[in-house]
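Working through the structure, step by step
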Amino acid sequence: MENLISQERVIALPSARKEDWREAIPRILIKAKPGLVELDCRDWKLSCRDLKKIISFFEKAGLKINLIRSNVVQTLVSASALGHQTVLRLGEQSKSSSYEENNNSNITRKSSLLFHEGTLRAGEHLEADGDVLLVGDVNPGAKISSGGNVMVWGRLRGSAHAGKFGNQNAKIVALQLRPLQLRIANEIARGPEEKPQEGLAEEAIIESGQIIIQPAKTNPLP
Amino acid sequence: MSTNTRIILICSGKGGVGKTTLTANLGIALARTGVRTAVLDADFGLRNLDLLLGLENRIVYTAQEVLEESCRLDQALVKHKQEPNLALLPAGNPRMLEWLKPDDMQRIVSMLSDQFDYVLIDCPAGVEDGFKNAVSASKEAIVVTNPEVSAVRDADRVIGLLNTNGINPVQLVLNRVRPKMIASQEMLSVDDVTDILALPLLGLVLEDEQVIVSTNRGVPLTLSGINSPAARCYSNIASRLQGEEVPLIDPAKEGSGMRDKFRRLMQTKIF
Ligand SMILES: Nc1ncnc2c1ncn2[C@@H]1O[C@H](COP(=O)(O)OP(=O)(O)OP(=O)(O)O)[C@@H](O)[C@H]1O
Ligand SMILES: [Mg+2]
């Protein structure tokens, strides 16, 4: 159920299973009154480039986005990278897709994706065979590792290992990348000394045999 | 078992950060406000809560005899002479570590709950059996740490364990704060610590020589009536624990020059 009070100010994309947002947007925007709105991206997995496009359509129609909602963490990472305030909606996600509850209620698993909500504290280790999405911080002394990508919707201050079975294309993405140690496949790097810029998502990838850190400009998921 | 009794674990992970000192001072400060308070020494290996409270020579029985049913609880409880609302249940001999189980700890605490409003449990350092036993009997916790990277790391580990054990609320006391060192950025600031631990801050305790003096005398600062920076901090923590809103001290305003000392003296005279 939508929040009735803010309903007129929320503009939602159609569900990814029903219609392409590129087709739906002109129709949606014609009806919208100019002003401040919240954008609900529903189940769309959007790269920064996609989101920028959407935002510019909105701006042309006189709409300013003050908050971006989504059920997909990758979209929120993109939105944060563009400097937008974000809200993750898990309720709808678990209702509308095939996510199943594990016996630990804040862990959700779907095929090769492990989802965990909550901060990892010193001594804790979250491990996954496929991709892992964490909503929360990885504190110093905590560890997150996966066979695929590591995505942290929060601050990464502990250590992270992506592609632990040898996948060189795996990435580590975080809203704040300030780790003690990073590993991708067999490469190891110490975290950067300087503090990261606030509000910019960053990613670590392997480039010419070395781990580099860059702003998460591209789609966080390959 | 009384359900209103506050059963509070005082723990830290790292050793020597000030758990026992806090337990003793908080115990006295709470008792002074009129609530019936028990302090339980759960550090069976290195018991010293009795020492800090100046009660060492009055111990006859301990938690061990209570568990073995060779004495009654009230025989083992050591009432504080000057502060009759406070009682200590002393730790038994270190061999207790070998057989004590979570059940035993729960039994002791449940007995104490019948007679007291507050039960403070002085936890051993570490995250091994002694810690686990104490956690199993507690409802809420105060995590004590120092503004040092290693102490904060261990506190974080302990908080994770408290959370998975359903302890709630878990609050933070930052002990041995040195305003000068924070100002010169030689020490982690209050924000640095709360940024990582993400816990409600129950209070700060300033570094204070009087703590060491009072420890050696076996007279907790909160009892001695000495107006020292740490004494005020401990009393504030007791007030906040009881739901009063007392503003946090600002380390930036806590100097150690003559003028500051004078100002502090003036302030305490007024209240
Ligand atoms: N605020 C303070 N200012 C100065 N000294 C302090 C302060 N708090 C504690 N200390 C000193 O630090 C030492 C350790 O304190 P305490 O015994 O309370 O720690 P603990 O956490 O109980 O240690 P353990 O883990 O060994 O049980 C003592 O010598 C005590 O006097
Ligand atoms: Mg101690």
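Calculation notes
Residues numbered from 1 in each chain as written. Chains lettered and ligands numbered in written order. Predicted model: local features only at pLDDT ≥ 70, side-chain atom pairs only at ≥ 80, totals over all residues. Heavy atoms only, no water. Contact = heavy atoms within 4.5 Å. Salt bridge = Lys/Arg side-chain N within 4 Å of Asp/Glu carboxyl O. Polar contact = N/O pair within 3.5 Å; in protein donor to acceptor, adjacent residues only side chain to side chain. Helix = DSSP H or I, 4+ residues; strand = E, 2+ residues; numbered from the N terminus. Buried < 20%, exposed > 50% of the residue type's maximum accessible area, 1.4 Å probe, protein only. Pairing = 2+ DSSP bridges. Axes fitted to C-alpha atoms, helices over the stretch in contact; angles between N-to-C directions. Disulfide = S-S within 2.5 Å. Domains from an automatic or database assignment. Buried area = accessible area lost by both parts, 1.4 Å probe. Nonpolar A, V, L, I, M, F, W, Y, C, P; charged D, E, K, R; others polar.

1. What about the interface of chain B and chain A?
Facing 11 residues of chain B, the contacting portion of chain A comprises 10 residues. One can count three salt bridges joining chain B with chain A. Viewed at the interface, chain A and chain B are joined by eight residue pairs in polar contact (both at pLDDT 80 or more). Looking at the side of chain B that touches chain A, the elements with two or more residues in it are α8 (149-164) and α10 (190-197) of chain B.

2. Considering unusual backbone geometry
Put simply, N168 of chain B and P169 of chain B share a cis peptide bond, and its omega is 0°. With respect to the helices, strands and loops of the structure, P169 of chain B is situated in the loop between α8 and β7 (170-177). Phi at A185 of chain A is positive, roughly 50°, even though this residue is not glycine. When you line up the elements, A185 of chain A lands in the loop between β14 (181-184) and β15 (187-190). Look at A185 of chain A and you get buried, because its relative accessible area is 3%.

3. Re the sheet that holds strand β4 (residues 86-89) of chain B
Residues and elements named next belong to chain B. Taken together, the eight strands give an open sheet; going across it, the order is β3-β4-β2-β5-β1-β6-β7-β8, and neighbouring strands pair in mixed fashion. The sheet is open, and its two edges are formed by β3 (78-79) and β8 (201-206), each paired on a single side. Taken together, the five bridges between β7 and β8 define a ladder with parallel strand orientation. Paired with L172 across the two strands is L201, which belongs to β8. Lying on the sheet, helix α6 (residues 102-115) is in contact with β1 (6-11), β2 (37-41), β4 and β5 (118-122); it crosses β2 at an angle near 165°.

4. Here's the deal with the state of the cysteines
Enumeration over the complete set of coordinates arrives at zero disulfides over all chains. We note that C48 of chain A lacks a disulfide partner, and the nearest cysteine sulfur, in C41 of chain A, lies 12 Å from it.

5. What to know about the environment of D103 of chain B
Within the secondary structure layout, D103 of chain B lies in helix α6. The class of D103 of chain B is exposed, set by a relative accessible area of 55%.

6. Here we look at the domain arrangement of chain A
Residue and element names in this part refer to chain A. In terms of domains, chain A is made up of domain 1 (2-92) and domain 2 (97-215). Between domain 1 and domain 2, a total of about 890 Å² is buried, with carbon and sulfur atoms accounting for 77% of that surface. Remark: the boundary between domain 1 and domain 2 carries zero salt bridges. The interface formed by domain 1 and domain 2 holds zero residue pairs in polar contact (both at pLDDT 80 or more) in total. For the side of domain 1 that touches domain 2, the secondary-structure elements that each account for two or more residues are α3 (73-81) and β4 (86-88). It is α3 that contributes the most residues to the side of domain 1 that touches domain 2, six residues altogether. Among the residues making up the side of domain 1 that touches domain 2, the classes are represented as seven nonpolar, four polar and no charged.

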